[in-house]
Amino acid sequence: MKKLIGSVTVAAFLVGVVATSAAAQLLGNGTYAAMPGTGVTIWGDYALSMNDDAKFDVNGTLESASFGGGRIELGLPMFGVWAGAGSYPIGVTDVSGKIGFGGGAGFHVFNAPLTPVSVSIQAGVGYYKNSDEADAKFLKVPFGALIAINVPTTGIGVTPWVYPRGEYITFGEAGFDTIGKVGFGVSGGLMVTAPMGLGVQGSLDWLSVSDLFGEGTGSWKPLTLSFGLHYKIKVPSLGM
């Protein structure tokens, strides 16, 4: 009973952090989901813009932009939650990076112990504001289904995954009405974890949203490459 109470308390705290920070899918980074599996995982992420729509506009000139940040995730047998933050854009001329916040949650609708395939319903919310660009503000709300495969291996954990999703995005600037649009995206990647808990991850993310920046501007289709390190910690009080 004490273990159950401890699990619910920690989970409720992290869900509260995600909800009250109004923060998920971090602008400039790929869109991640709460991965299946139990434990507390610390993630470090770095991302690169891969096409023009993912680059940063500096007075009409497109420059490649990077993202750097981190996440923390709690995984329980039936659901997982995560929260994080990061700086974007990095490496852009005369533009200082601003901190965006993110978080999300997933409910594992199919996660049988002896079956390598896991299916989860996912949702999140994220916020980013860049005061250097006319107070440009983004709010991102992704929702979809994560499909992950725990490849049977000896010792090392290998998990490829794909996350098709819908995504509601609002964009606004000082003096202009806020625009809200619903788009479609998909991210996919690979997570490799050694027995001692240290691992690497990588993903590719694509999103398509029509006329996000005003009528007649066409579709916004950023392509982002993300990669980094993670460390999974066992928590005895959660039965892990």
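Everything here concerns the structure above.
Computed from a predicted structure; not experimentally measured. (Residues numbered from 1 in each chain as written. Predicted model: local features only at pLDDT ≥ 70, side-chain atom pairs only at ≥ 80, totals over all residues. Heavy atoms only, no water.)

To continue, consider a nonpolar patch on the surface. On the surface, M78, F107, V109, F110, V117, I121, I147, I149, V151 and V162 cluster together into a nonpolar patch covering about 780 Å² of accessible area. For the nonpolar patch, the secondary structure elements donating two or more residues are strand 6 (98-110), strand 7 (117-130) and strand 8 (136-149). If one sorts the elements of the nonpolar patch by residue count, strand 6 sits on top with 3 residues. (Patch = residues over 30% accessible without salt bridge, like charges linked within 9 Å, V, L, I, M, F, W, Y side chains within 5 Å. Areas by Shrake-Rupley, 256 points an atom, 1.4 Å probe, with all protein chains shown as cover. Salt bridge = Lys/Arg side-chain N within 4 Å of Asp/Glu carboxyl O. Helix = DSSP H or I, 4+ residues; strand = E, 2+ residues; numbered from the N terminus.)

This next bit is on unusual backbone geometry. Cis geometry marks the peptide bond from Y88 to P89; its omega dihedral reads -5°. Take P89: it is sitting in strand 5 (residues 79-90). The phi dihedral of N59 is positive, around 55°, even though this residue is not glycine. Within the fold, N59 resides in the loop between strand 2 (56-58) and strand 3 (61-63).

Moving on: the side chain of S120. Following the sequence through the fold, S120 ends up in strand 7. According to the relative accessible area criterion, S120 is buried, its value standing at 0%. Polar contacts involving the side chain of S120 include one to the side chain of H108, which spans 2.5 Å. Once residues lying within four places of it in the same chain are set aside, the contact partners of S120 are F107, H108, V109, G144, A145 and L146. (Buried < 20%, exposed > 50% of the residue type's maximum accessible area, 1.4 Å probe, protein only. Polar contact = N/O pair within 3.5 Å; in protein donor to acceptor, adjacent residues only side chain to side chain. Contact = heavy atoms within 4.5 Å.)

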